[in-house]
Every structure is written in C-alpha cells, then in structure tokens.
Amino acid sequence: MTDTLQPNLTGPTSNSGVEGARSDIASRQALHRRRRRVRRWAWGVPLWLLAVLFLLPFAWMISTSLKPDAEAFSVPMRWIPEDFRWENYSEVLFGEGSILPAFGNSVFVALFRVVGELATATLAGYAFAKLRFRGRNLVFIAYLATSLIPAQLLLVPRFVYFQQLGLYDSLWALILPGMFTVLGTFLMRQFFVSQPGEFAEAARIDGANELQIFFRIYLPGAMPMVSALAILTFVWSWNDYETPLVFLSTPENYTLPLALTNFTDETGAIIPGISMAAAVISIIPILVVFLIFQRRFVQALTESALK
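Residues numbered from 1 in each chain as written. Predicted model: local features only at pLDDT ≥ 70, side-chain atom pairs only at ≥ 80, totals over all residues. Heavy atoms only, no water.

A. A look at the overall build of the protein. From N to C terminus, the protein includes 13 helices and zero strands. If you list the helices and strands of the protein from N to C, you get α-α-α-α-α-α-α-α-α-α-α-α-α. Restricting the contact set of the protein to residue pairs at least 6 apart, pairs at least 24 apart contribute 69%. When the accessible surface of the protein is totalled, it reaches about 19700 Å², and 67% of it is carbon and sulfur. (Helix = DSSP H or I, 4+ residues; strand = E, 2+ residues; numbered from the N terminus. Contact = heavy atoms within 4.5 Å. Areas by Shrake-Rupley, 256 points an atom, 1.4 Å probe, with all protein chains shown as cover.)

Below, the structure is given as structure tokens:
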C-alpha cells in the first residue's frame, strides 16, 4: 500500500517544481530581453541623432548643388530649392570646364596607387613578420621612424628629384610615392605576425617555397585587412590636394581636387551651385568603393580590435 501511494505523493510535487523552474527561467529570459531592448534604444537613439548631425553638411551640399546662385546663401536657408537647377550638373560634366578629364586622371592615379600599395605592403609586411634575416627588427624600426618626418619637409626634395627624372607635371609623380607607405606595411606586418607560424612550417615540409606559402596560405586569410587598406589608400589618393598642387602645372593633368577650384566667376569668387554639384559627383566613387568593401572593412577593424 505504501509503495503504491509513493508515486502519487511525489509526482505532483516534482511536476510543480519543474513548472516553477521553467517559469522562473522564462521570466529571467523576458527580463533579459527587456533590458537588452532598453540598452539598444539607449545606444541607438543617440547614435542616430549623431549620424543625422554628420549628414547635415552633405544634405546642404546636395541642396545647394540644385539651387540658383542667388538662392545658395539666402537667409533663412531653404533645404528644398524652389527652382531645381539640374543644369548645374550638366555644366559640370559637359560644360566648358568639365571635370571629366580630371575625373579620369584621379581614377588612373587612385587605381595604380591602390594596386602598388597593396603589392608592396603585403610583401613587405610578410617579410618583416615571417622571414628571418639579420637586422630585420632594426630595419623595420628604421622604416617606421621615417613616418616621424612631416610630409611637407619632403616636398622640395621630391620636387627636385622628379624634375631631374623628367617626371614633373606627370601623373607618375603622384603615383610612385603613393605606392610605398609606412602605415600600409605596418598594418600588414601586424596582421601577419598574429597568424600562426605552423602553417608555413607544414607547407615547407611539403616542399612549398616562400611565394607559394604567401599566396596560398597567408594572403587569402588577409583579405579583410587588404580590403581595409585598399579603401584607405583610395580615399587618400582621391582626396589628395597638396601633392597635385606642387607637382602638376598643366590643366590637362589636373586631378579632381584641383579641378574643383576652377569653378569661379570673374572676381575669383566660387560659384556655389556648380561647385557643390562638382563636389557631389566627386564623392560618388568613394561611396561606391566603401559600399563594395564595407563588410570586409568592418571585419578587418573588428579582428584588429579583438587581437
């Protein structure tokens, strides 16, 4: 009799205990979701407001590019023009002072600089990280020390040097110095240092040489960092104003930053509508490049932060 009553006495008690534990877990999960939702809103709203604040200058640029010149600086400001002047864009692209030649020059310079920078930075970074040779660390420290020299101090020596080589007033005077940067080599070297050396040892046992190890093992894993470096190099080249100003003198060789200064009136004042239209066109390639490599760029930054 006692044995038959035992399951009936313990069964409801155990079931109620399990149900209580389940309800407790469910309440904790609901509380955790509510807290996470509150934290998300607490961080999201200020970030959205900050993003809108940063986008205001771009909105003003687009609005001004579609306004008549007399309305560009009117007070109070009109965000939506009364008369949309699409002629500003046609004037910039196909008018007498078209930016298309300068646009092509900037694309040419940026592409060659990106390709050259990626080639030299990845190879040099791999050599400083994985190859063993005498004086490796001293050479790397000396190379890093060159970044302490302000770039403005090197303009005159570079000017004389390129003039003697016959490269003054040519796009190669902009491309060649931009293909070798300390920052690119440093970023790639730090990435390759963080990679395990056992991969290279196993590949050497199988008979692979250093180039095969680099291209087949380490370089594919470095593509996020390579993409981030490509974006940075493209932006630096695209926005470079000082170097073309020093090394270029022929308007046919001007890059886009120099061409943007040509939209002036008889008094030398900048024409606001046409200038802003040219500025809007000039930022489109940067947005396209960033959107293409955005995922890898964020991945490279995340991996660097974690390491």
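So much for the structure itself; the text now carries on.
B. Region of the structure containing the layout of surface pockets. Taken as a whole, the largest pocket holds about 850 Å³ of empty space. Taken together, 23 residues line the largest pocket, and the ones lying closest to its centre are Ala-151, Arg-158, Pro-177, Phe-180 and Thr-181. Per element, the largest residue contribution to the lining of the largest pocket is three residues, and it comes from helix 6 (residues 172-178). Classifying every residue of the lining of the largest pocket gives 12 nonpolar, six polar and five charged. By volume, the second largest pocket amounts to about 280 Å³. Lining the second largest pocket are 15 residues, and of these Glu-96, Gly-97, Ser-98, Asn-262 and Phe-263 sit closest to its centre. (1 Å grid on protein atoms, 1.4 Å probe; cavity = no way out; pocket = protein on both sides within 12 Å on 5 of 7 lines; lining within 4 Å. Points joined across faces, edges and corners; volume = space filled by probe spheres on them. Nonpolar A, V, L, I, M, F, W, Y, C, P; charged D, E, K, R; others polar.)

C. Summary view of the pattern of salt bridges. According to the stated counting rule, one finds two salt bridges in the structure shown. When the shortest N-O distance is used, the salt bridge between Arg-113 and Asp-240 registers 3.8 Å. With a gap of 127 residues between them, Arg-113 in helix 3 (residues 100-130) and Asp-240 in the loop between helix 10 (223-239) and helix 11 (242-247) connect regions that are remote in the sequence. A residue is classified by how much of its surface remains accessible, and Arg-113, at 12% relative accessible area, is buried. Across the salt bridge formed by Arg-204 and Glu-210, the nearest N and O atoms sit 2.9 Å from each other. By relative accessible area, Glu-210 is classed as partly exposed at 29%. (Salt bridge = Lys/Arg side-chain N within 4 Å of Asp/Glu carboxyl O. Buried < 20%, exposed > 50% of the residue type's maximum accessible area, 1.4 Å probe, protein only.)

D. Geometry of the packing of helix 4 (residues 136-145) against helix 7 (residues 182-193). Packing of helix 4 against helix 7 brings their axes to within 10 Å, and their N-to-C directions diverge by 140 degrees. Considered as vectors, helix 4 and helix 7 are oriented oblique to each other. Residues Asn-137, Phe-140, Tyr-143 and Leu-144 of helix 4 form the contact with helix 7, whose own contacting residues are Val-182, Thr-185, Phe-186 and Arg-189. Considering only residue class, the contact of helix 4 with helix 7 consists of five nonpolar, two polar and one charged. (Axes fitted to C-alpha atoms, helices over the stretch in contact; angles between N-to-C directions. Parallel < 35°, antiparallel > 145°, perpendicular 65-115°, else oblique.)

E. The arrangement of unusual backbone geometry in detail. Its identity is not glycine, yet Asp-169 carries a phi of approximately 60 degrees, on the positive side. Turning to its location among the elements, Asp-169 is positioned in the loop between helix 5 (155-165) and helix 6. Classification of Asp-169 by relative accessible area gives buried; the value is 17%.

F. Inspection of a positive patch on the surface at higher detail. Positive charge collects at one region of the surface, where Arg-33, Arg-34, Arg-35, Arg-36, Arg-37, Arg-39 and Arg-40 lie side by side. Along the chain, Arg-35 turns up in helix 1 (residues 2-65). (Patch = residues over 30% accessible without salt bridge, like charges linked within 9 Å, V, L, I, M, F, W, Y side chains within 5 Å. Lys, Arg positive; Asp, Glu negative; His and termini not counted. Charge placed at Lys NZ, Arg CZ, Asp CG, Glu CD.)

G. Structural detail: empty space enclosed by the protein. Under the criterion given, the structure shown has one cavity of 30 Å³ or more. Here the largest cavity defines a volume of roughly 50 Å³. As for the largest cavity, its lining consists of Ser-106, Val-109, Arg-113, Leu-174, Ser-237, Trp-238, Asp-240, Pro-244, Thr-255 and Pro-257. Those elements that place two or more of their residues in the lining of the largest cavity are helix 3 and helix 10. In terms of residue count, the dominant contributor to the lining of the largest cavity is helix 3 (three residues). Residues of the lining of the largest cavity, tallied by class, amount to five nonpolar, three polar and two charged.

H. Just the side chain of Ser-282, in detail. Along the chain, the position of Ser-282 falls in helix 13 (residues 272-306). If sequence neighbours within four positions are ignored, Ser-282 has contacts with Trp-238, Leu-256 and Leu-260.

I. Quick peek at the nonpolar core. Residues Val-92, Ile-99, Met-188, Phe-192 and Phe-234 are the most contacted members of the largest nonpolar core, which totals 42 residues. Elements with a minimum of two residues in this core: helix 2 (87-94), helix 3, helix 7, helix 8 (198-205), helix 9 (210-221), helix 10, helix 12 (256-259) and helix 13. Here this core takes nine residues from helix 13, the largest share from any one element. Look past the residues within four positions of Ile-99 in its chain and what remains in contact with it is Val-92, Leu-256, Phe-263, Ala-278 and Ile-281. Formed by 12 residues, the second largest nonpolar core is a distinct cluster that contains Leu-171, Ala-173, Tyr-254 and Leu-258. (Core = buried A, V, L, I, M, F, W, Y, C linked by side-chain atoms within 4.5 Å.)

J. Region of interest: helix 9. Here helix 9 spans 16 Å end to end across 12 residues, near enough to the 16 Å set by a 1.5 Å rise per residue. Contact partners of the buried residues in helix 9: helix 3, helix 7, helix 8 and helix 10. Taking the backbone nitrogen of Leu-211 as reference, a side-chain oxygen 3.3 Å away marks Asn-209 as the first, capping residue of helix 9. (Expected span 1.5 Å × (residues − 1). Polar contact = N/O pair within 3.5 Å; in protein donor to acceptor, adjacent residues only side chain to side chain.)

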